[in-house]
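Single-letter residue listing:
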Amino acid sequence: MEFVALSLDFLAVVIGSLGGSLFAVDRKLDLIGAMALALLCGLGGGLLRDMIMQVGDVYILRTGYAIPASAVTAAVVFFLSSPFQKRPRLIEWIDIFSVALYVAAGSGKAIAYGLDPWAVILLGMLTGVGGGMLRDVFLGEVPRIFQKSNFYAVCAILGAIAYLASSSLGFVGFWPALICTIVTVASRRLSLRYDIKSPSQSDLHSFFGGRRDK
Amino acid sequence: MEFVALSLDFLAVVIGSLGGSLFAVDRKLDLIGAMALALLCGLGGGLLRDMIMQVGDVYILRTGYAIPASAVTAAVVFFLSSPFQKRPRLIEWIDIFSVALYVAAGSGKAIAYGLDPWAVILLGMLTGVGGGMLRDVFLGEVPRIFQKSNFYAVCAILGAIAYLASSSLGFVGFWPALICTIVTVASRRLSLRYDIKSPSQSDLHSFFGGRRDK
Amino acid sequence: MEFVALSLDFLAVVIGSLGGSLFAVDRKLDLIGAMALALLCGLGGGLLRDMIMQVGDVYILRTGYAIPASAVTAAVVFFLSSPFQKRPRLIEWIDIFSVALYVAAGSGKAIAYGLDPWAVILLGMLTGVGGGMLRDVFLGEVPRIFQKSNFYAVCAILGAIAYLASSSLGFVGFWPALICTIVTVASRRLSLRYDIKSPSQSDLHSFFGGRRDK
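Just so you know, these numbers come straight off a predicted model, no measurement behind them.

Here we look at the overall build of chain A
Right, so step 1: When you go through chain A residue by residue, the secondary structure sums to 10 helices and zero strands.
Right, so step 2: Shown N-terminal to C-terminal, the secondary structure of chain A runs as helices and strands in the order α-α-α-α-α-α-α-α-α-α.
Right, so step 3: The C-alpha radius of gyration of chain A comes to 18 Å, within 12% of the 17 Å expected for a compact globule of 214 residues.
Right, so step 4: C-alpha atoms of chain A, sized along the principal axes, occupy 55 × 50 × 30 Å.
Right, so step 5: Expressed as a percentage of the 214 residues in chain A, the buried residues total 55%.
Right, so step 6: A separation of at least 24 residues holds for 73% of the contacts in chain A among residues at least 6 apart in sequence.
Right, so step 7: In the form shown here, chain A has an accessible surface area of approximately 9400 Å², with 68% of it arising from carbon and sulfur atoms.
Right, so step 8: A distance of 8 Å separates the average location of the 18 positive side-chain charges in chain A from that of its 14 negative side-chain charges.

The following block contains the structure:
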């Protein structure tokens with residue numbers, strides 16, 4: 001059980017870092033840039049959560065393997081990126097699971113420290129998608145999750161709510177995390193399959209009969 | 001008295017969030033983007049202060065209504081932005097009061113935790129204008145307060161100094177906050193009326209008889 | 001001894017702030033922008049370290065002179081930038097020493113709080129080059145240290161490793177800091193003299209016989 005949890009945790013760090021360093025390679029950054037984006041994507045969401053929670057329990061400092069796992073992943077991707085770039089669908093699937101695992105970890109930690117439901121949802125979501133948001137901010141771009149897209153952040157919010165609800169209903173152990181993961185992954189897959197997008201104002205205008213922006 | 005303080009605090013959160021979500025609508029971000037900018041503008045300055053102070057007393061986590069008030073404001077603005085966009089002068093006035101209230105809250109907290117005067121001024125100013133600064137950083141832009149403008153950050157600094165001075169002179173209760181608010185709002189209105197701007201180097205060059213940049 | 005340490009510390013703050021405010025002048029920011037970049041470059045790396053470490057020991061709040069020294073440096077540079085702009089090589093040398101001193105300070109603090117080696121290296125490097133990274137992020141640019149360049153961040157990492165190694169080997173007092181400083185400065189000078197650059201993927205492609213990007 002403990003071993004399963006640790007393996008999932010380790011997997012989430014590696015996958016998040018993988019995505020970050022592929023991004024850096026795509027932008028022609030150097031090895032330091034690849035490591036920096038790997039750390040941001042793989043560990044940035046949890047770090048943001050810990051910097052906000054301020055309970056002195058910082059995941060990346062306490063977990064001995066987090067920083068080296070992320071840095072080594074970045075180095076491997078940097079020197080051998082081709083095999084990963086040829087499997088975009090695999091990366092996409094694994095990315096969705098990685099986000100789901102982070103949402104579960106973030107929501108669980110916020111509940112464990114007795115925070116109220118709104119804070120649990122905010123911190124659960126931030127742990128899941130905060131790394132990608134920081135990556136965009138560090139690249140000087142408007143974070144993708146702020147833009148019209150296929151429900152990336154919305155799925156993270158749904159996952160955090162699912163964790164919170166199942167936890168309130170008396171589920172214990174790894175059940176809330178499992179339910180959270182299923183909700184996050186399923187809602188994301190559905191939004192991709194049926195091309196459901198979060199609305200931006202121009203959609204609303206046309207929906208309400210207003211003038212549509214070009 | 002307690003009720004007045006809570007109402008003012010609640011009002012500052014709502015107004016800050018209102019400004020942030022209008023900004024998001026203007027940039028055609030989606031609902032998540034509107035909520036994110038609302039949280040950044042409404043609660044980001046205080047969060048930055050708390051992340052720096054590290055006294056384990058995080059406003060957005062401790063105050064149950066802060067996160068939902070900000071998120072609900074964003075949702076209302078997102079679906080019904082027109083009435084707000086038609087009243088720019090009202091928004092401007094309320095924004096100035098919102099910044100002033102935040103400066104008072106930030107300076108007061110820094111003094112309450114026994115920080116020295118320089119830290120009080122820095123944290124008071126950051127609480128007031130840090131949210132707008134973060135908003136600009138997240139949009140990949142140079143923060144407006146770093147650029148030549150009508151004294152936005154300078155007024156926040158004057159307000160923090162006013163809080164500090166009145167507190168040192170023995171004023172207690174809500175008096176320092178009131179004096180801080182008056183100084184912040186008055187200096188901002190004066191700088192707008194007489195079009196007083198913070199200098200940039202090119203002004204200095206022309207002032208000192210140097211070559212003016214085009 | 002204590003006096004020497006304080007003087008070096010003070011010097012590092014002033015030099016970092018000097019570099020930040022010259023950057024702001026170059027970008028035609030106003031006085032607030034100059035002060036903000038001075039604080040980011042002079043104190044941002046250490047602040048980032050302290051916000052991550054969360055031990056409630058925040059350098060800029062605890063050290064009475066840090067904030068005013070940075071702000072006053074910014075004001076002096078803003079009104080009298082010419083003498084500094086005419087000595088780019090002096091600024092460059094002093095900048096290298098400033099980074100080295102920060103790496104030593106960051107590594108030392110991380111070791112003092114019992115963090116593991118990976119965290120020491122990460123925090124030592126961040127203290128050294130985090131300020132410049134934050135400066136770029138706040139200007140909406142991709143941090144220079146993420147891009148192909150002369151080993152800026154790599155030298156900081158080497159310095160942190162040197163501190164860690166010499167400390168593990170039993171060196172005490174100011175010896176680890178001295179060794180760290182020598183390694184950081186020497187590796188940086190060597191990389192500049194022989195134009196050694198960190199690789200980006202396009203270099204690897206040509207090295208491995210792949211297609212070179214234009």
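There's plenty left to go through after this.
Details of the packing of helix α2 (residues 31–53) of chain B against helix α6 (residues 88–112) of chain B
When two helices pack together, you describe them by how their axes are tilted relative to each other and by the distance separating the axes.
Residue and element names in this part refer to chain B.
Right, so step 1: At a minimum axis distance of 11 Å, the contact between α2 and α6 shows a crossing angle of 15°. Of the possible angle classes, the one that applies to α2 and α6 is roughly parallel. Judged by the twist between their axes, the crossing of α2 over α6 is right-handed. Of the residues in α6, those in contact with Gly42, Arg49, Asp50 and Met53 of α2 are Tyr102, Ala105, Gly106, Lys109 and Ala110.
Right, so step 2: Taken together, the residues of the contact of α2 with α6 sort by class into four nonpolar, two polar and three charged.

Brief notes about the interface of chain C and chain A
Right, so step 1: Contact residues are listed per partner, giving 30 residues for chain C and 31 residues for chain A.
Right, so step 2: Each partner contributes to the roughly 2500 Å² buried at the junction of chain C and chain A, and carbon and sulfur atoms together form 73% of this total.
Right, so step 3: The interface formed by chain C and chain A holds zero salt bridges in total.
Right, so step 4: In this structure, the connection of chain C to chain A is made through three residue pairs in polar contact (both at pLDDT 80 or more).
Right, so step 5: Those elements that place two or more of their residues in the side of chain C that touches chain A are α2 (31–53), α7 (117–138), α8 (152–168) and α10 (201–207) of chain C.
Right, so step 6: Looking at the side of chain C that touches chain A element by element, the count peaks at six residues for α7(C).
Right, so step 7: Along the lines of polarity and charge, the residues of the side of chain C that touches chain A split into 19 nonpolar, seven polar and four charged.

Some points on the nonpolar core
Right, so step 1: Of all hydrophobic cores here, the largest spans 174 residues; its most connected members are Ile60(A), Ile60(B) and Ile60(C).
Right, so step 2: Filtering out sequence-adjacent residues up to four positions away, Ile60(B) remains in contact with Ile52(A), Leu122(A), Leu43(B), Leu47(B), Ala66(B) and Ile67(B).

Quick word on the relation of the copies chain C and chain A
Right, so step 1: Superposing chain C onto chain A requires a rotation of 120° together with a translation of 0.0 Å along the rotation axis, leaving an RMSD of 0.0 Å. Interpreted geometrically, this transformation is the action of a three-fold axis. Rotation axis and chain C: the residue whose C-alpha lies nearest the axis is Gly140(C), separated from it by 2.5 Å.
Right, so step 2: An asymmetric contact is evident, with only 13% of the interface residues of chain C recurring at the interface of chain A.

Some remarks on helix α9 (residues 175–193) of chain A
Residue and element names in this part refer to chain A.
Right, so step 1: For α9, spanning 19 residues, the distance from its first C-alpha to its last is 27 Å, which sits close to the expected 27 Å at 1.5 Å a residue.
Right, so step 2: Within the span of α9, buried status applies to Pro176, Cys180, Thr181, Thr184, Val185, Ser187, Arg188 and Ser191. The buried residues of α9 occupy an angular sector of 165° when projected down its axis, which confines them to one face.
Right, so step 3: Buried-residue contacts for α9 involve α6 (88–112) and α8 (152–168).
Right, so step 4: Asp195 lies just past α9 and shows a positive phi near 50°.

Some remarks on the relation of the copies chain B and chain A
Right, so step 1: Mapping chain B onto chain A is achieved by rotating through 120° and translating by 0.0 Å along the same axis, at an RMSD of 0.0 Å.
Right, so step 2: Mapped onto chain A, only 13% of the interface residues of chain B are again interface residues, and the two copies thus contact each other with different surfaces.

Comments concerning the interface of chain B and chain A
Right, so step 1: Across the boundary between the two partners, chain B contributes 31 residues, which contact 30 residues of chain A.
Right, so step 2: Taking both partners together, chain B and chain A bury about 2500 Å²; carbon and sulfur atoms supply 73% of that area.
Right, so step 3: Summed over the three residues of chain B that lose the most area to chain A, namely Ile32(B), Leu61(B) and Phe138(B), the buried surface amounts to 26% of that side.
Right, so step 4: Between the two partners, chain B and chain A, sit zero salt bridges.
Right, so step 5: Where chain B touches chain A, the interface holds three residue pairs in polar contact (both at pLDDT 80 or more).

Section: the pattern of salt bridges
All names here are of chain A.
Right, so step 1: Per the stated rule, a full pass over the model turns up 24 salt bridges over all chains.
Right, so step 2: Residue Asp136 pairs with Arg144 through a salt bridge whose shortest N-O separation is 2.7 Å.
Right, so step 3: Asp136 sits in the buried class, given a relative accessible area of 2%.
Right, so step 4: In this structure, Arg144 engages Glu141 in a salt bridge whose closest nitrogen and oxygen atoms are separated by 3.1 Å.

Quick look at the UniProt feature "transmembrane region" (unreviewed entry) in chain A
All names here are of chain A.
Right, so step 1: Mapped onto this numbering, the UniProt entry gives "transmembrane region" (unreviewed entry) at residues 6–24, 31–48, 60–81, 93–112, 118–138 and 150–166.
Right, so step 2: Counting secondary structure, residues 6–24 comes out at 100% helix and 0% strand; the distance between its end C-alpha atoms is 27 Å.
Right, so step 3: Taken end to end, residues 150–166 comprises 88% helix and 0% strand; its first and last C-alpha atoms sit 25 Å apart.

A word on the packing of aromatic side chains
Right, so step 1: Under the defined criterion, the tally for this structure stands at 15 aromatic pairs over all chains.
Right, so step 2: Measuring from centroid to centroid gives 5.3 Å for Phe78(A) and Phe79(A), while their planes differ by 90°, and the two rings are edge-to-face.
Right, so step 3: Residue Phe78(A) is classed as buried on the basis of its relative accessible area of 1%.
Right, so step 4: By relative accessible area, Phe79(A) is classed as partly exposed at 39%.
Right, so step 5: Relative to Trp175(A), the ring of Phe174(A) has its centre 5.4 Å away and its plane inclined at 20°; by these criteria the two rings are stacked.
Right, so step 6: The exposure class of Trp175(A) is partly exposed, given its relative accessible area of 44%.
Right, so step 7: Between the NZ or CZ atom of Arg189(A) and the centre of the ring of Trp93(A), over which it lies, the distance is 4.1 Å.
Right, so step 8: Lying across the ring of Phe23(B), Arg135(B) places its NZ or CZ 4.0 Å from the centre.

Cut-offs applied
- Residues numbered from 1 in each chain as written.
- Chains lettered and ligands numbered in written order.
- Predicted model: local features only at pLDDT ≥ 70, side-chain atom pairs only at ≥ 80, totals over all residues.
- Heavy atoms only, no water.
- Helix = DSSP H or I, 4+ residues; strand = E, 2+ residues; numbered from the N terminus.
- Rg over C-alpha atoms; globule rule 2.2 N^0.38 Å.
- Buried < 20%, exposed > 50% of the residue type's maximum accessible area, 1.4 Å probe, protein only.
- Contact = heavy atoms within 4.5 Å.
- Areas by Shrake-Rupley, 256 points an atom, 1.4 Å probe, with all protein chains shown as cover.
- Lys, Arg positive; Asp, Glu negative; His and termini not counted.
- Charge placed at Lys NZ, Arg CZ, Asp CG, Glu CD.
- Axes fitted to C-alpha atoms, helices over the stretch in contact; angles between N-to-C directions.
- Parallel < 35°, antiparallel > 145°, perpendicular 65-115°, else oblique.
- Left-handed = near helix turned anticlockwise from the far one by under 90°.
- Nonpolar A, V, L, I, M, F, W, Y, C, P; charged D, E, K, R; others polar.
- Buried area = accessible area lost by both parts, 1.4 Å probe.
- Salt bridge = Lys/Arg side-chain N within 4 Å of Asp/Glu carboxyl O.
- Polar contact = N/O pair within 3.5 Å; in protein donor to acceptor, adjacent residues only side chain to side chain.
- Core = buried A, V, L, I, M, F, W, Y, C linked by side-chain atoms within 4.5 Å.
- Least-squares fit on C-alpha atoms with pLDDT ≥ 70 in both.
- Expected span 1.5 Å × (residues − 1).
- Arc of directions from axis to C-beta.
- UniProt positions renumbered as here; feature names shortened; annotations may be inferred.
- Phe/Tyr/Trp six-rings, centres within 6.5 Å; stacked < 30°, edge-to-face > 60°.
- Lys NZ or Arg CZ within 6 Å of the ring centre and 35° of its normal.

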